[in-house]
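Each chain is listed here by its residues.
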Number of protein chains: 6
Amino acid sequence: MADQKTKALYAGTFDPITNGHVNIIERSAQVFGAVIVAVTDNPTKDGPLFALDERLALVRDAVGSIQGVEVVSFKGLTVEFARTVGANVIVRGLRAVSDFEDEFAMALANRDMAPEIDTVFLMTAQEFFYISSSRVKEIAGLGGDVGSFVPPAVAEALYGKRTGGRPK
Amino acid sequence: MADQKTKALYAGTFDPITNGHVNIIERSAQVFGAVIVAVTDNPTKDGPLFALDERLALVRDAVGSIQGVEVVSFKGLTVEFARTVGANVIVRGLRAVSDFEDEFAMALANRDMAPEIDTVFLMTAQEFFYISSSRVKEIAGLGGDVGSFVPPAVAEALYGKRTGGRPK
Amino acid sequence: MADQKTKALYAGTFDPITNGHVNIIERSAQVFGAVIVAVTDNPTKDGPLFALDERLALVRDAVGSIQGVEVVSFKGLTVEFARTVGANVIVRGLRAVSDFEDEFAMALANRDMAPEIDTVFLMTAQEFFYISSSRVKEIAGLGGDVGSFVPPAVAEALYGKRTGGRPK
Amino acid sequence: MADQKTKALYAGTFDPITNGHVNIIERSAQVFGAVIVAVTDNPTKDGPLFALDERLALVRDAVGSIQGVEVVSFKGLTVEFARTVGANVIVRGLRAVSDFEDEFAMALANRDMAPEIDTVFLMTAQEFFYISSSRVKEIAGLGGDVGSFVPPAVAEALYGKRTGGRPK
Amino acid sequence: MADQKTKALYAGTFDPITNGHVNIIERSAQVFGAVIVAVTDNPTKDGPLFALDERLALVRDAVGSIQGVEVVSFKGLTVEFARTVGANVIVRGLRAVSDFEDEFAMALANRDMAPEIDTVFLMTAQEFFYISSSRVKEIAGLGGDVGSFVPPAVAEALYGKRTGGRPK
Amino acid sequence: MADQKTKALYAGTFDPITNGHVNIIERSAQVFGAVIVAVTDNPTKDGPLFALDERLALVRDAVGSIQGVEVVSFKGLTVEFARTVGANVIVRGLRAVSDFEDEFAMALANRDMAPEIDTVFLMTAQEFFYISSSRVKEIAGLGGDVGSFVPPAVAEALYGKRTGGRPK
């Protein structure tokens, strides 16, 4: 068994966290022993649906009790935050070819900015391929049931953002 | 720092090992502390260019002295061999979209056969994107210089397989 | 010959309808005997260029006289609307790899929400590969001739939305 | 409900039939009321693992009792056979981007040769994405358990082709 | 040697110009003898970060002294501008599969509108694969160092747009 | 107008030449003034269907009378042959995403071996997307009509290779 010093970081907007994210976090904790889950506080084009506090609370509710998982928030570049917390591995989930290309480009840019940090990819489990935060928001916004795509607290929070409330 | 029990396996035909493989092995050793490099002895459609002994020798020559790297050979399914040696992580290198799909399918099939073993992907460094064992064999076979694609001993071995010998 | 009970639904924003949409609608009517063309009245990020009434009128003008085609509008999730009208098949046109992935994810999400409804894909005829509503709007907006991309009434409507009017 | 005259054809080598094929056949029968499953008797590059008779028997065993399914064999071009049996729809399953491109090209070539026949695509259910006849043969050949990838009779037949027999 | 009459056009928003653009411009000048670099003055969805004057100045600073390169601005469709200046070749850089599909569709639409003009693609050198104007703006906006992605004057201009100024 | 020194090379197996190849050759001659069409005499895995002499004759018959086109054969690496004939541009046709990746890798390997030679890509016209030498051979081998995919002399030659002769 290796006596390594890997510290893994999994960063994202988590607007909101989905079952796909939870799956990657669980597996990262198994593969790397521990993982820092970091919720970004960066401005986005249209603004997030959930405020940073809400996103942090939903992430903590979903994965905070998994052994080895620490949930934090940060501002700025992911590689800079990785340096700050001493992480040498950035974990990313892959679902599809379009993911792959963006992730590829970002991993290369990160390697240019921080050669000492490597990016490691896990394939999202196939039952979560089609789940993304934006699709979940779209379905919930149109009154669809998102109970099988996100943790229960997230589903409730999504219904709470709807004018029409909980779909029947 | 995590106190993990990750044991990583990087398996392939290595017919022959390229600088792209070497890059993935070096980074696997860094990320996971140690990595077992396993050369498959399975029958291939057209047969390998290099015999198992030659492939093993070239792999050992290229990466045998990297700390944490152990080079072995095996027969049969990769997930079965992973179980035998107690590896819980299979490492794969990704270069391109076509890689991605095959790797995706294989990772899912492996998960079905061995749910306790996870597959982790590293992106091949961009200077090695276009290098594959088959392209290197094709270029060497047509008399091209492969000195920047493979370790020196592999280049010599490839020229040795040519009727025309070393290109001038 | 089969004595089947297929009822097909082809839903979209149609902002505006293009010759590619018309091609898929014609072929759906042939393959399934009849098809309900449903124009969505859902809010979009930037708002549509054409109001729902305009979009409905242009769709009716383009395909309303094809045998077996019924044009309607709806609000909400496509699978919910399919249930409401008793459709058991959702038809989608495929043009390219990027289409494919989004469509794949949406089909899987739909299957999760409505297992009794299947998604069936037709390949857009090759002369319409490069036509999309957004590209047509962009070209018309820059003063280009869109006469070979959309039905005549749509071209006129697009020129009507331009400050500069009809390009010479 | 449409009063259509669709006759669907699903053709392939089926060397051997997998659970992914079975899923497409079941859904084709539902969508189109009936489907002709046609096993090709064309020469392949390396020859099939199973003879035509074996492949036909395994297909019949797996899907012969599904209502609306008829299993036959044929020689020559699929579009010619479609014409012979009066089918106006060719059904194809899609799993991945690489599938998509080959299928796209073949559908376009078929449309050129037989404009009256349309190709319709169904997405393979996600639990069968990673299953292909060639991967199943490879796994079985290396002694892996293929029980969750193919019908039971096919698994037995695959073990029967192995020198080592049934894996323990 | 051919006595041809090729006149090449390389058009874009250049918001801002990157080292990837510079690479394509240098190689276009070599392959075609000369190239017109045209900065578009068309309205974009969110508006450019740099005004047309700034973009033109940064492009001129970066490539204005390369032999055979002429830098201009234009409004409207690229194919119309190509006709105006007598260009018969539009040059495009390709980085990735997602580029490829958009570029493919645009090249086909252009061919429909202007059959006498051909589109020619150069592959972005691999060290610039991951550089895009939007990624560079994102990284600079988050305080990252973009010195290896863009010409020095562009890096300074990007830091000038930041509230926080030059990152330390 | 540029006073350039471009000499273009379009190399391939041409087993046999298709209408897609002819389209690329015609457009290369227009864009570059002249193009050397080079038929490779390298050993292939399964051997070509047509001998080098036959392939050369069919290429000459199809494109030999186009102004600026010269047809030759060669052995060895394409970049080495480009150097021998003084070509500084290698022309490649692109049809699809899968093409793209192989072509990308080969262009990068070529750039490594011969930095003074650039690779330039033309998009195959959309009516030829689905035509490849291997698909044409497969269709002709199964008795299909390939008259709209290849020049007439090639169609005759393909039927001549069939046991059954010309399809009725």
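Notes on the structure follow.

Parameters and conventions
- Residues numbered from 1 in each chain as written.
- Chains lettered and ligands numbered in written order.
- Predicted model: local features only at pLDDT ≥ 70, side-chain atom pairs only at ≥ 80, totals over all residues.
- Heavy atoms only, no water.
- Contact = heavy atoms within 4.5 Å.
- Buried area = accessible area lost by both parts, 1.4 Å probe.
- Salt bridge = Lys/Arg side-chain N within 4 Å of Asp/Glu carboxyl O.
- Polar contact = N/O pair within 3.5 Å; in protein donor to acceptor, adjacent residues only side chain to side chain.
- Nonpolar A, V, L, I, M, F, W, Y, C, P; charged D, E, K, R; others polar.
- Helix = DSSP H or I, 4+ residues; strand = E, 2+ residues; numbered from the N terminus.
- Buried < 20%, exposed > 50% of the residue type's maximum accessible area, 1.4 Å probe, protein only.
- Pairing = 2+ DSSP bridges.
- Least-squares fit on C-alpha atoms with pLDDT ≥ 70 in both.
- Axes fitted to C-alpha atoms, helices over the stretch in contact; angles between N-to-C directions.

## A closer look at the interface of chain F and chain C
The interface is formed by five residues belonging to chain F together with five residues belonging to chain C. A combined buried area of about 350 Å² lies between chain F and chain C, and 58% of that area is made up of carbon and sulfur atoms. Across the contact surface, chain F and chain C share zero salt bridges. On the surface where chain F and chain C come into contact, there are zero residue pairs in polar contact (both at pLDDT 80 or more). Split by residue class, the side of chain F that touches chain C holds three nonpolar, one polar and one charged.

## Observations regarding the side chain of Thr40(B)
Residue and element names in this part refer to chain B. Relative to the helices and strands, threonine 40 is located in strand 2 (residues 35-40). We classify threonine 40 as buried; its relative accessible area is 10%. In this structure, threonine 40 is in contact with Gly12, Thr13, Leu52, Arg55 and Phe74, ignoring residues within four places of it in sequence.

## Regarding the pairing of strand 4 (residues 89-94) of chain C
Residue and element names in this part refer to chain C. When you tally the buried positions in strand 4, you get five out of six residues, the bulk of the element. Pairing geometry for strand 1 (residues 8-12) and strand 4, over two bridges, is parallel. Along strand 4, the bridge assignment pairs leucine 9 with isoleucine 90. When strand 4 meets strand 5 (residues 118-123), the two strands line up parallel, connected through six bridges. From the neighbouring strand, valine 91 faces strand 5, where its bridge partner is valine 120.

## Describing the arrangement of the chains
Left apart from each other, chain B and chain C have a closest C-alpha approach of 11 Å. Of all C-alpha pairs spanning chain D and chain E, none lies closer than 11 Å, and the two are not in contact.

## Let's talk about the relation of the copies chain B and chain A
Superposition record for chain B on chain A: RMSD 0.0 Å, screw rotation 180 degrees, translation along axis 0.0 Å. In the structure described here, the two chain copies are related by an operation that fits a two-fold rotation axis. Nearest to the rotation axis, the C-alpha of Phe121(B) is located 2.4 Å from it, this being the minimum over chain B. Of all interface residues in chain B, 97% are interface residues in chain A too; the two copies therefore contact each other through one and the same surface.

## Digging into the interface of chain B and chain A
The interface is formed by 34 residues belonging to chain B together with 33 residues belonging to chain A. Buried surface at the junction of chain B and chain A, summed over both partners, amounts to about 3000 Å²; 67% is from carbon and sulfur atoms. Across the contact surface, chain B and chain A share two salt bridges. Joining chain B to chain A, the criterion identifies seven residue pairs in polar contact (both at pLDDT 80 or more). Broken down by element, the side of chain B that touches chain A gets its largest block of residues, seven residues, from helix 4 (residues 97-113) of chain B. For the side of chain B that touches chain A, the per-class residue count stands at 18 nonpolar, eight polar and eight charged. Examined bridge by bridge, strand 5 (residues 118-123) of chain A and strand 5 (residues 118-123) of chain B share three bridges and lie antiparallel to one another. Paired with Val120(A) across the two strands is Leu122(B), which belongs to strand 5 of chain B.

## Here's the deal with the sheet that holds strand 3 (residues 69-74) of chain A
Spatial ordering of the open sheet is given by 3(A)-2(A)-1(A)-4(A)-5(A)-5(B)-4(B)-1(B)-2(B)-3(B), a layout of ten strands whose pairing is mixed. With partners counted over all chains shown, the strands left at the sheet margins are strand 3 of chain A together with strand 3 (69-74) of chain B, one partner each. Each adjacent strand pair in this sheet contributes to an overall mean axis angle of 35 degrees, direction not counted. Sheet topology note: the strand 2 of chain B/strand 3 of chain B ladder contains six bridges and is parallel.

## A word on the relation of the copies chain F and chain C
Here chain F sits on chain C after a turn of 180 degrees about the axis and a move of 0.0 Å along it, with an RMSD of 0.0 Å. Interface residue correspondence from chain F to chain C reaches 100%, placing this contact among same-surface, isologous pairings.

## Considering the pattern of salt bridges
One side chain can pair with another of opposite charge once the charged atoms of both are near each other. Tallied over the full model, the rule gives 42 salt bridges over all chains. The salt bridge involving Asp15(E) is made with Lys137(E); its shortest N-O contact spans 2.8 Å. You can see Asp15(E) sitting in the loop between strand 1 (8-12) and helix 1 (19-32) and its partner Lys137(E) sitting in helix 5 (residues 133-141), a full 122 residues away along the chain. Residue Asp15(E) is classed as buried on the basis of its relative accessible area, which comes to 6%. Looking at Lys137(E), the relative accessible area reads 25%, which means it is partly exposed. A salt bridge links Arg83(F) to Glu116(F), with the shortest nitrogen-to-oxygen separation between them at 2.8 Å. One end of the pair, Arg83(F), is in helix 3 (residues 78-85); the other, Glu116(F), is in the loop between helix 4 (97-113) and strand 5 (118-123), and 33 residues separate them in sequence. Residues joined by salt bridges that share partners form a network here, namely Glu80(A), Arg83(A) and Glu116(A).

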